[in-house]
Amino acid sequence: MSTVQPKLSGLKVEDFQTEVKGKKTDLYTLVNADGYEVSITNYGGAIVAIMVPDKDGKVANVVFGHDNIQDVINSPEPFLSTLIGRFGNRIAKGKFVLGGKEYQLAINNGVNHLHGGPTGLHSVVWDAYQAGPQNLTLNTVMPYGHEGFSGEVKISVEFTWTDDCELILDYFATTNKKTIINLTHHAFFAIQGIGNPTPDILDQIMEMNCDFYIPIDETSIPTGEILKVEGTPFDFRKPKAIGLEIDADNEQIKNGSGYDHCFVINKREPEELALAARITDPKSGRVLETYTTEPGMQVYTANFCSGYPIQAGCTAPRRSAICFESEHFPDSPNRPYFPTTVLKPGEKYTQKTVYKFGVAK
């Protein structure tokens, strides 16, 4: 059971304690040496608070979430700052072939499969173990045939909150039968600080270590191409405002209703822990850097947020947050030239992502 009451966020542990299908939910808070906090519930691995300072030392919550378990469960955005899997992002028409057999997954995003289906990892009550004030481990088992996937998969995600305000996510998985897997976290970051309404992110400055991106069709499925960002609204190789070209007269921008695309991260080695993106909020001075071992990262600018309520009386208007979903590419099982997402018995899936918070110098 959780014992640490958050001091900075106003969240209460008891508001996250209930029972779902015989399993107990709870709130776990990680605290670093400076007293800054990250609060996570074992329902879906949802991060509900990241309390970090701005340039003046003022602490605010910089992630979208809810302040009680019922609102987490019934969120208008089911993937709001949760763990995602067993396959993050989309699979065309929910179909793929593995080992000569065609699999049909749940269809939960237009005509496609999204984020592991309606009962994916975002809706699981994970087994939680908090070893110390700065570490939390979540474990679960996805049964054979769940949402149409093959293989029983054992998954573990370790959250570490460092004294440098780095939130480190280490993912591990094994399977008893050949399957596909693509795990990520769908945190909605608002480094300006949440509010009522939460201000938009359009003036935030973004820089990305990405020379290529993956274009999509009108249903957000990859076209199969891998294109240069050069000369497009997707070129963040040099810092620029997120909002500068977010409504450009560009087919890809229209297909994503803004940015909702997977970028290819520049790597010297395939599993190098590389910087993927850096954003800076000019008003607060807060900075967020994302590092990952994954080949790609879906950047989503909350184009479909509608102003719904989140925690502490705050709201989530359109484009008031940004998601950095480190992952393998969408629809990879149907694109043999994309990096593989196949996991076989005897192999171990691993992934590391680091979200580092700071202030501009």
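Cut-offs and rules
- Residues numbered from 1 in each chain as written.
- Predicted model: local features only at pLDDT ≥ 70, side-chain atom pairs only at ≥ 80, totals over all residues.
- Heavy atoms only, no water.
- Helix = DSSP H or I, 4+ residues; strand = E, 2+ residues; numbered from the N terminus.
- Buried < 20%, exposed > 50% of the residue type's maximum accessible area, 1.4 Å probe, protein only.
- Polar contact = N/O pair within 3.5 Å; in protein donor to acceptor, adjacent residues only side chain to side chain.
- Contact = heavy atoms within 4.5 Å.
- Pairing = 2+ DSSP bridges.
- 1 Å grid on protein atoms, 1.4 Å probe; cavity = no way out; pocket = protein on both sides within 12 Å on 5 of 7 lines; lining within 4 Å.
- Points joined across faces, edges and corners; volume = space filled by probe spheres on them.
- Nonpolar A, V, L, I, M, F, W, Y, C, P; charged D, E, K, R; others polar.
- Phe/Tyr/Trp six-rings, centres within 6.5 Å; stacked < 30°, edge-to-face > 60°.
- Lys NZ or Arg CZ within 6 Å of the ring centre and 35° of its normal.

Asks: How do you make sense of the side chain of Asn-303 when you look at a structure like this?
Replies: With respect to the helices and strands, Asn-303 occurs in the loop between strand E25 (296-300) and strand E26 (308-309). Residue Asn-303 is classed as buried on the basis of its relative accessible area, which comes to 3%. Of the polar contacts made by the side chain of Asn-303, one reaches the side chain of Arg-319; its length is 3.1 Å. With sequence-adjacent residues up to four places away left out, Asn-303 is seen in contact with Ile-246, Gly-256, Ser-257, Gly-258, Tyr-259, Asp-260, Arg-318 and Arg-319.

Asks: Please clarify how the pairing of strand E15 (residues 166-175) should be interpreted in this entry.
Replies: Each regular strand displays side chains that alternate between the two surfaces of the sheet. Within E15, eight of the ten residues are buried, which leaves it mostly tucked inside the rest of the structure. For strand E14 (residues 153-161) and E15, the ladder comprises nine bridges, and the chain directions are antiparallel. Bridging from a neighbouring strand, Ser-156 pairs with Phe-172 of E15. Between the antiparallel neighbours E14 and E15 lie four residues, among them Cys-165 with a positive phi of about 60°. Looking at chain direction, E15 and strand E30 (residues 349-359) are connected through eight bridges and run antiparallel. Among the inter-strand pairings, Asp-170 is bridged to a residue of E30, identified as Lys-352.

Asks: Please explain empty space enclosed by the protein as it appears in this structure.
Replies: Tallying each qualifying case throughout the model produces one cavity of 30 Å³ or more. Here the largest cavity is characterised by a volume of approximately 40 Å³. In terms of lining residues, the largest cavity is bounded by Asn-89, Arg-90, Ile-214, Ile-216, Ser-220, Asp-260, His-261, Cys-262, Gln-298 and Pro-330. Among the elements that line the lining of the largest cavity, the one with the most residues is strand E22 (residues 260-264), at three residues. Looking at side-chain class alone, the lining of the largest cavity contains four nonpolar, four polar and two charged residues.

Asks: How do you make sense of the packing of aromatic side chains when you look at a structure like this?
Replies: Aromatic ring pairs are reported here in terms of the distance separating the ring centres and the angle at which the planes meet. For the structure on display, the rule yields 14 aromatic pairs. Between the aromatic rings of Phe-234 and Tyr-259, the centroid separation amounts to 5.5 Å while the plane-to-plane angle is 85°, which identifies the pairing as edge-to-face. In this pair, Phe-234 sits in the loop between strand E20 (227-228) and strand E21 (240-241) while Tyr-259 sits in the loop between helix H2 (251-256) and E22, placing the two residues 25 residues apart along the sequence. The same class applies to Phe-234 and to Tyr-259, which are both buried. A centroid spacing of 6.3 Å and a plane angle of 20° characterise the contact between Tyr-300 and Phe-304, whose relative ring orientation is stacked. Aromatic rings pair up to connect Tyr-213, Phe-234, Phe-236, Tyr-259 and Phe-263 into one cluster. A cation sits over an aromatic face here: Lys-240 above Phe-236, 4.5 Å from the ring centre.

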